[in-house]
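One letter stands for each residue in the lines below.
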Amino acid sequence: MQVILLILLGVTPLAFVPGGYDAFEPHKVGIVLTGAALLASMSLGRLFAAGLDRGFGAALRGAAARCYDSLRLDPAGAAVLLFLLSSAASTIASIRPELSLHGSSARPAGFLVAAAMTTLFFASRRASDSPRWLERVAAVVTLAAGSASVYALLQLTGHDPFHWLGGATFDGSTRVPGPLGHPNSLGAYLAMALPLTLLTVARARTAAGRLAALLVSALALFVLAATLSRGAWIGAAAAGAAFLAIRATGTRPAEAPAQTRRRRLVLLAAAAIVFLLPLATPLGSGFVTRLKQVADLQAPTTRSRVELWGIALGMMSDHPLLGVGTDAYGAAFISYRTPAFSRIEWNATTDRAHNEVLQIAATQGGVGLVAALLVGFLVLRACLRVSRRIEPDAATAAAVVGASLAAWAASSAVGFSVAATGSLAAALAGWVAGRSRSIEPETGEGAAAPANARPAPAPASTLAAQAAAAILLGAIWTALVLPSWRASFAGGRALAEPDSSPRRVTGLERAVSLSPWDD
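Because the structure is predicted, anything quoted here is derived from the model rather than measured.

Draft legend 1. Quick peek at the overall build of the protein. Summing up its helical and strand segments, the protein has 21 helices and 2 strands in all. For the protein, the C-alpha radius of gyration of 23 Å lies close to 24 Å, the compact-globule estimate for 519 residues. Taken over the C-alpha atoms alone, the protein extends approximately 65 × 65 × 45 Å along its principal axes. Counting the 519 residues in the protein, one finds 49% classified as buried. Within the protein, residue pairs in contact and separated by at least 24 positions form 78% of the contacts whose partners lie at least 6 positions apart. Computed over 42 positive and 28 negative side-chain charges, the separation of the two mean positions in the protein equals 7 Å.

Draft legend 2. Quick look at the nonpolar core. Leu120, Tyr189 and Leu424 are the most contacted members of the largest nonpolar core, which totals 85 residues. Per element, the largest residue contribution to this core is 11 residues, and it comes from helix α18 (residues 419–437). If we skip the residues at most four places from it in the chain, Leu120 touches Leu5, Leu8, Val32, Ala36, Leu39, Ser423 and Ala426. Counting 14 residues, the second largest nonpolar core, distinct from the first, contains Met315, Val324, Ala328 and Leu358.

Draft legend 3. Up close: the packing of aromatic side chains. Following the criterion strictly, the structure yields 10 aromatic pairs and no others. Seen from their ring centres, Trp233 and Phe275 are 5.7 Å apart, and the 75° between their planes marks the pair as edge-to-face. On the criterion of sequence distance, the pair formed by Trp233 in helix α10 (residues 230–249) and Phe275 in helix α11 (residues 258–276) is long-range, its members being 42 residues apart. Each member of the pair, Trp233 together with Phe275, is buried.

Draft legend 4. Looking closely at the side chain of Asp327. Position of Asp327 relative to the elements: it lies in the loop between α13 (300–318) and α14 (329–336). Under the relative-accessibility criterion, Asp327 is labelled buried at 3%. Setting aside chain neighbours within four positions, we find Asp327 in contact with Leu99, Gly103, Ser104, Arg107, Pro108, Ala109, Gly110, Arg352, Gln359 and Thr363.

Draft legend 5. Fine view of helix α4 (residues 75–92). The terminal C-alpha atoms of α4, which comprises 18 residues, lie 26 Å apart, in line with the 26 Å expected from a rise of 1.5 Å per residue. Every buried residue of α4 is accounted for by Ala76, Gly77, Ala79, Val80, Leu84, Ser86, Ser87, Ser90 and Thr91. Elements in contact with the buried residues of α4: α3 (56–72), α5 (97–102), α6 (111–127), α16 (356–387) and α18.

Draft legend 6. Quick peek at the pattern of salt bridges. Evaluated as defined, the whole model comprises 8 salt bridges. As a salt-bridge pair, Arg503 and Glu497 come within 3.1 Å of each other at their nearest N and O atoms. With relative accessibility at 57%, the residue Arg503 sits in the exposed group. The exposure class assigned to Glu497 is partly exposed, which follows from its relative accessible area of 23%. Arg504 is paired through a salt bridge with Asp499; the nearest N and O atoms lie 3.4 Å apart. The exposure class of Asp499 is exposed, given its relative accessible area of 61%. Each member of the salt-bridge network shares a partner with another, and the members are Arg132, Glu135, Arg203 and Arg205.

Draft legend 7. The packing of helix α8 (residues 183–203) against α18, seen in detail. Put simply, α8 and α18 touch, their axes get as near as 9 Å, and they point 25° apart. As judged from the angle between their axes, α8 and α18 are roughly parallel. By crossing handedness, the relation of α8 to α18 is classed as left-handed. Across from Ser185, Ala188, Tyr189, Met192 and Leu196 in α8, the residues of α18 making contact are Ala420, Thr421, Leu424, Ala425 and Leu428.

Draft legend 8. The arrangement of the environment of Ser285 in detail. When you line up the elements, Ser285 lands in helix α12 (residues 284–293). Accessibility expressed as a relative area gives 45% for Ser285, which makes it partly exposed. Along the primary structure Ser285 and Ser173 are separated by 112 residues, whereas in three dimensions their C-alpha atoms are 9.6 Å apart.

Draft legend 9. Empty space enclosed by the protein, seen in detail. Scanning the entire structure with this criterion turns up 2 cavities of 30 Å³ or more. Considered as a void within the structure, the largest cavity measures approximately 200 Å³ in volume. When residues of the lining of the largest cavity are traced back to their parent elements, those giving at least two are α2 (25–54) and α20 (482–495). No other element matches α2, which puts 4 residues into the lining of the largest cavity. Here the second largest cavity is characterised by a volume of approximately 60 Å³. What lines the second largest cavity is simply Leu73, Asp74, Pro75, Ala76, Leu378, Arg381, Ala382, Arg385, Ala433, Ser436 and Arg437.

Reading the values: the criteria
Residues numbered from 1 in each chain as written. Predicted model: local features only at pLDDT ≥ 70, side-chain atom pairs only at ≥ 80, totals over all residues. Heavy atoms only, no water. Helix = DSSP H or I, 4+ residues; strand = E, 2+ residues; numbered from the N terminus. Rg over C-alpha atoms; globule rule 2.2 N^0.38 Å. Buried < 20%, exposed > 50% of the residue type's maximum accessible area, 1.4 Å probe, protein only. Contact = heavy atoms within 4.5 Å. Lys, Arg positive; Asp, Glu negative; His and termini not counted. Charge placed at Lys NZ, Arg CZ, Asp CG, Glu CD. Core = buried A, V, L, I, M, F, W, Y, C linked by side-chain atoms within 4.5 Å. Phe/Tyr/Trp six-rings, centres within 6.5 Å; stacked < 30°, edge-to-face > 60°. Expected span 1.5 Å × (residues − 1). Salt bridge = Lys/Arg side-chain N within 4 Å of Asp/Glu carboxyl O. Axes fitted to C-alpha atoms, helices over the stretch in contact; angles between N-to-C directions. Parallel < 35°, antiparallel > 145°, perpendicular 65-115°, else oblique. Left-handed = near helix turned anticlockwise from the far one by under 90°. 1 Å grid on protein atoms, 1.4 Å probe; cavity = no way out; pocket = protein on both sides within 12 Å on 5 of 7 lines; lining within 4 Å. Points joined across faces, edges and corners; volume = space filled by probe spheres on them.

Quick look at the structure:
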């Protein structure tokens, strides 16, 4: 399970497949869904093996008892399940149920994605029993962030081996999207990754490893600045504030010697210089303008976001319980688009409220909003509990995870989550929930298993059980995940053909037949 999780966390930020009508996010989501199906297949195979060994009734009762015991010690996990149930209810009650199941085409975030992120959360929670799990996650994220930053640097210097149409621009300059497809997504991911790359620096076992991780951190910080993404900058600032706040409430490390304190001040000054380096590039004027716009409520993109937030509240007002449907913001948008938004963005449509909390309020109503806020509160509570462990290393790790999650939350408050940031957030939340549930409330030390805990069954997982689980999950994957990928390729090839050509028409018809929910 750890291997699958690490591959997902390493590949998702970097993967793209030129040739579809969107080379980035649909494929990244498909990778996450595939990995989640593999993880679910492993767990289902163990359940089938237990059923073959002791009978399926006894196996189901034992699994239910273990889930109850596990969630009783993990309120954050219970809140995650509540959010998934809310997503399922909103999908059933949706104005477009099939769209809510699969998600919108450009940035899928339907029920399937919610189920995949839940799977990643619980898989990472289980992996948290390994004392080095977070270090492995940090190492993989460091490699991914370094690779994404190198590719972004190639784009910035005009050496991108691919030719992309469109792209975000500002002040006459093209903003670097990297392998995430949009500069805001790239910046948000790098803001999340920075605390983990610095953890890799601190935990490196060799001088060469420490230097490599430090160089990755510097490059990631420079690229983050070069994205000109205000949300990412806010996320990075939130990460720093969260780290200091959690570290201040946790177990204090021994007083650092004067030389170490001076070294930290030098690194902080170096970080400020690296962040300001875009001033010396062609992005300089745009960089200054974006800095001024961070708190400018009259900036056009800020005004359009305010309109989108009001539209989200309007959707929730009309559908207060379950919302318009999971990921159905775009389907309902035309009915709610305001004249003020049209004056700013002309005839634009969008499938995101550019605020994750309001997106959930609009699409999953009050039930989903309460569940999401519970998840956030209980994950924060878990971070604080782990930070108060007796071991300073555990406290530092909790502060790093809290910082990364704060970067995700802050950037999502003015944007939205994508596959790379969402899967990393799910894995980190799972780690901190797993570490928290093993702590005695009074001592802050690891707790023994409760006396009434039911031990997990240990039948040998037979080949037949694993094969049956793989066939079942493979059939679900073929029915629900594969069509979107095939439609992306069919639509992309069709759009590359001349207008009104027979190949264009038949290709688009093929794409529609594969994913009829895709507007």
